Amino acid sequence: MKIALALSGGGARCLAQLGYIEVLRQQLGIEIVALSGSSGGAIAAAFLAAGYASSEILAILQKFPFHKIRFNLHRGTLFCHERLYEKLQALGITTFEACNVPLFVTLTDYETSQVRYIHSGDLARAVLASSALLPLFCPIEIDGRRYIDGGIKDNLPLTPLQNLPYFKLAINVNPPDVSRFKRSFLGNYKRACYMMLNANIEASIPLADRYVVIEGCQNFGILERRSFATIYELGKRQALEDLQMWEEICSKNS
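A short tour of the structure in this document, coming up. None of the values given here were measured: they were computed from a predicted structure.

### Remarks on the overall build of the protein chain
And step 1. Scanning the protein chain from terminus to terminus reveals 8 helices and 8 strands.
And step 2. Dimensions of the protein chain along its principal axes, counting C-alpha atoms only, are 55 × 45 × 35 Å.
And step 3. Taking all 254 residues of the protein chain together, the buried fraction comes to 52%.
And step 4. Sequence separation of at least 24 residues holds for 74% of the intrachain contacts in the protein chain that already meet a minimum separation of 6.
And step 5. When the accessible surface of the protein chain is totalled, it reaches about 12200 Å², and 51% of it is carbon and sulfur.
And step 6. Positive and negative side-chain charges of the protein chain, numbering 26 and 23 respectively, have mean locations separated by a distance of 7 Å.

This is the structure:
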């Protein structure tokens, strides 16, 4: 069965998407023929489009030189992550044209707040721009314009996949239930952020043939590097629980 896959943003939680996809590929032979991603989901999508298996991406990210992202006040942001550009290129994240399947990366224009789905040119810069979450990371310039995190405008980017004649799977790794957050300053801040994210994706959900929310991801922050393997296993476990559902879907769409 061939699918077009949309991956939400979510930082480290996006490892769960890769675990979920690993099971579908290994157990059912599902083939990804198009990809779309925002923020952390754009990173995962870029590696998948470059031909990496999910387990390979996990291994790469566990050893990835995130230490190169250093505290660097830069016009109202805390970090500048452009130092990762050369590393991404060395890993094969070079251009959209070099990808094995069509890939769309979601960006937000820093000046106009407009969403943009790009599918050609410099993939490494696009991935960095799509994950440039304000006010943590500085905007990334592409062709003379500055861009920031794509998830700000579309955190479940199914729109660029709509005209493709394939089954559309969307995977969200952000908590839909915000009631768990404490009534504290930090808790209320998180509650407000996820309320906005959830509103952001509401229009996208009906565009998917299957919408999946990976449970348990709400227990992890977007920057939890030490939990990469645990988060990955969350995705695998849920995919195994969903396997009968996917067997039925495959039989209907083969």
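### Details of the packing of helix H1 (residues 15-28) against helix H7 (residues 228-241)
A pair of packed helices can be characterised by two numbers: the angle between their axes and the separation between those axes.
And step 1. Contact geometry of H1 with H7 gives a least axis separation of 6 Å together with a crossing angle of 40°. In terms of their interaxial angle, H1 and H7 are classed as oblique. Of the two possible hands of crossing, H1 and H7 adopt the one that is right-handed. Contacts between H1 and H7 involve Leu15, Ala16, Leu18, Gly19, Tyr20, Glu22 and Val23 from the former and Phe228, Ile231, Tyr232, Gly235, Lys236, Gln238, Ala239 and Leu240 from the latter.

### Examining the packing of helix H3 (residues 54-62) against H7
And step 1. Packing of H3 against H7 brings their axes to within 10 Å, and their N-to-C directions diverge by 160°. The angle between H3 and H7 places the two elements in the roughly antiparallel class. Handedness of the H3/H7 crossing: right-handed. The residues of H7 that touch H3, namely those facing Ser54, Ser55, Leu58, Leu61 and Gln62, are Phe228, Ala229 and Tyr232.

The rules behind the values
Residues numbered from 1 in each chain as written. Predicted model: local features only at pLDDT ≥ 70, side-chain atom pairs only at ≥ 80, totals over all residues. Heavy atoms only, no water. Helix = DSSP H or I, 4+ residues; strand = E, 2+ residues; numbered from the N terminus. Buried < 20%, exposed > 50% of the residue type's maximum accessible area, 1.4 Å probe, protein only. Contact = heavy atoms within 4.5 Å. Areas by Shrake-Rupley, 256 points an atom, 1.4 Å probe, with all protein chains shown as cover. Lys, Arg positive; Asp, Glu negative; His and termini not counted. Charge placed at Lys NZ, Arg CZ, Asp CG, Glu CD. Axes fitted to C-alpha atoms, helices over the stretch in contact; angles between N-to-C directions. Parallel < 35°, antiparallel > 145°, perpendicular 65-115°, else oblique. Left-handed = near helix turned anticlockwise from the far one by under 90°.

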